[in-house]
Amino acid sequence: MTTRVTTWQEAVVAGGREEGLDAVTEIALRALEAELPVVRADPDLRAVARGSTAANIALTVELVQGSVRLGDIDPPPQAVAFTRELARRNVPVAELDRAYRVAQGAMWRWAVRQVRTRLEGDVAAAIEELSEAVFTTGDVFSVTVLRRYATEREQWLRSADALRAETLAEVLGGGPVDLDGASGRLRYDLRRSHQAFVVWTDGGGAAPESAAAAIAGGSRGLVCAVGTGVAAGWAAEGALDLAAADGDVRIALGTPGTALDGFRSGHEEALEARRVAMLGSGRGTSAGGG
């Protein structure tokens, strides 16, 4: 038997109680999956998303019942965990925002059905009040989530950059290296044949790291800042695209080499080629290693 009520708040609470949290969570989760394929494709991430969705719905019920004020809410730990995972997977923030909006729309439609089914009274007025509450709450949730995403993404990038810099220093230091472990941390295969290069500017507006990434083929290469306005890079032998660099940058090349020795010697040659190039007045590409 359907519970009859007199307010939209009672309708939402009654609907959630009778249908169950799992069923309501599934509605929002399906909406998230439709907008974020990474959630649909990864069972572990889907489990985290389910926990986040359930926690957000439980928090929303507390808001509806008046036990929590909108201005006092903090993201549930499960929602923080979900946001952290998306930040680490480099999901664009615009996609995250849209996903939350779509889930919000799905929950609004569910709530409207509860009002139409259960309310004894002015349904149109109740839906208007419900809509204002849903979208006001949604705005607060969205701002809170996006702020948390920015924090998690910054922390992740800092930790990842620090680990990469530490690993690169170890690799270039000349001592023994665990090639499998270092390759994993750098996300670059140190056992391959590769060519090293250095990109720098003369104080203009060009971004050497962006240019180096383009030259190295994006995620297929390895790029790291090695000084102000200077970036070092490595890519598979034959894969460099010198014409891909945007802006007024200068490029020095090392001789192609294999595995760890080639990685190190090519970098040293590229640095030496840069030093020689800077002693002269020419601009453009310099090749090291004869």
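The structure this text deals with has already been given above.
Note that this is a predicted model, so its numbers are computed, not measured.

Draft legend 1. Region of the structure containing the environment of Ser-183. Among the structural elements, Ser-183 can be located in helix 8 (residues 179–186). You can call Ser-183 buried: its relative accessible area is 13%. C-alpha separation for the pair Ser-183 and Leu-157, spaced 26 residues apart in sequence, amounts to 18 Å. Dropping the residues within four chain positions of it, Ser-183 is found in contact with Tyr-188, Asp-189 and Leu-190.

Draft legend 2. Expanded view of the packing of aromatic side chains. Counted according to the given criterion, the structure contains three aromatic pairs. Between Trp-108 and Phe-135, the ring centres sit 6.3 Å apart and the planes meet at 40 degrees, which makes this aromatic pair tilted. Placement of the pair is Trp-108 in helix 6 (residues 93–118) and Phe-135 in helix 7 (residues 123–172), with a sequence separation of 27 residues. For Trp-108, a relative accessible area of 25% corresponds to the partly exposed category. Overall, Phe-135 belongs to the partly exposed group, its relative accessible area being 39%.

Draft legend 3. Local environment of helix 1 (residues 8–19). Helix length check: helix 1 (12 residues) gives 16 Å between terminal C-alpha atoms against 16 Å at 1.5 Å per residue, within 8%. Along helix 1, the residues classified as buried are Trp-8, Ala-11, Val-12, Val-13, Ala-14 and Gly-15. Just beyond helix 1, the residue with positive phi is Gly-20, at close to 95 degrees.

Thresholds applied
Residues numbered from 1 in each chain as written. Predicted model: local features only at pLDDT ≥ 70, side-chain atom pairs only at ≥ 80, totals over all residues. Heavy atoms only, no water. Helix = DSSP H or I, 4+ residues; strand = E, 2+ residues; numbered from the N terminus. Buried < 20%, exposed > 50% of the residue type's maximum accessible area, 1.4 Å probe, protein only. Contact = heavy atoms within 4.5 Å. Phe/Tyr/Trp six-rings, centres within 6.5 Å; stacked < 30°, edge-to-face > 60°. Expected span 1.5 Å × (residues − 1).

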